[in-house]
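Close look at the chain arrangement
Here is how the chains run, residue by residue.
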Amino acid sequence: MPDALIDAAREVRETAYAPYSGFRVGAAIRAASGRIYRGCNVENVAFPEGTCAEAGAIAAMVAGGDTALAAICVIADSPSPVPPCGGCRQKLAEFGGPDVPVLLATTSGQVLETTIGALLPGRFGTGHMANAAP
Ligand code: THU
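Below you will find a few notes about this structure. Throughout this description, residue numbers start from 1 for each chain and increase along the sequence as written. With pLDDT at 70 or above as the cut-off, local features in this predicted model cover only qualifying residues; side-chain atom pairs require 80 or more to be listed or tallied, and sums for whole chains, interfaces and linings still use all residues. Excluding hydrogens and water, the side-chain values take into account all heavy atoms of the structure.

Summary of the distance rule: residues count as near a molecule or strand when at least one heavy atom falls within 4 Å of that molecule or strand. All residues in the neighbourhood of the ligand are listed as Ser 21, Phe 23, Val 25, Asn 41, Glu 43, Cys 52, Ala 53, Glu 54, Pro 83, Pro 84 and Cys 85. Here a polar contact means two N or O atoms within 3.5 Å. Within protein one must be a hydrogen donor candidate and the other an acceptor candidate, and residues neighboring in sequence count only if both atoms are side-chain atoms. Within the backbone of Ala 53, an N or O atom sits 2.9 Å from an oxygen atom of the ligand. One of the side-chain N or O atoms of Glu 54 is found 2.6 Å from an oxygen atom in the ligand. Note that Gly is not counted as nonpolar here; it falls among the polar residues with everything else outside the nonpolar set of Ala, Val, Leu, Ile, Met, Phe, Trp, Tyr, Cys and Pro and the charged set of Asp, Glu, Lys and Arg. Among the residues making up the shell around the ligand, the classes are represented as seven nonpolar, two polar and two charged.

And the structure:
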């Protein structure tokens, strides 16, 4: 099963739009429903407007009607397994609990397994807004 997720991430990475960095990233999510969703990085000439592969996969998942993450894989051509950036860690934490597996993979075949909780300890959550009046 992890292989299917890695294969999906590897495949979608090929479609990445990364003319500025040349660093193509693929992400594949397995939702709690069992469905797999994919995303790639999409850069922009106005650099901050680019989006990460993880964000694309999350958008595809929500558009597909799923909101619960069971696992995610991120893959890139990197000397060591590439971790999600800080912003993407928070985005993942919106849809997955601390124990959700995160597979960090390289195109050369390295795979490092971690979790959302290990990547984002002390996550900001709804409990921190308990005193706020909407
Ligand atoms: N990138 C991702 O898509 N995901 C990550 O986890 C790290 C970085 C992208 C953003 C940008 O297009 C390129 O990699 C270089 O930062």
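In this description, strands pair whenever DSSP reports at least two bridges between them. Put simply, DSSP marks the helices as runs of H or I at least four residues long and the strands as runs of E at least two long, and each gets a number from the N terminus on. If you trace the five strands from one edge of the open sheet to the other, you get S2-S1-S3-S4-S5, paired in mixed fashion. Of all the strands in the sheet, just strand S2 (36-40) and strand S5 (111-115) have a single pairing partner and so form its edges. Going from strand to strand, the sheet's axes swing by 20° on average, the running direction of each strand aside. Strand direction decides the pairing type here: strand S1 (residues 25-31) and S2, joined by five bridges, are antiparallel. Bridge pairing links Ala 28 to Arg 38 in S2. Taken strand by strand, helix H2 (residues 53-63) contacts S1, S2 and strand S3 (69-76), and its axis lies near 140° from that of S2. Working convention: axes come from line fits to C-alpha atoms, limited for helices to the stretch in contact. Angles between N-to-C directions cover 0 to 180 degrees. What makes two residues a contact is simply this: any of their non-hydrogen atoms within 4.5 Å.

Quick look at the pairing of S3 now. Categorising residues by exposure relies on relative accessible area from a 1.4 Å probe, with only protein chains included: less than 20% of the type maximum marks a residue as buried, more than 50% marks it as exposed, and the intermediate range marks it as partly exposed. Across the eight residues of S3, seven count as buried, placing the element largely inside the fold. Summarising the sheet, S3 and strand S4 (residues 101-106) pair through five bridges and their orientation is parallel. The residue of S4 that forms the bridge with Ile 72 is Val 102.

Functional significance is not addressed by these values, which are geometric in nature.
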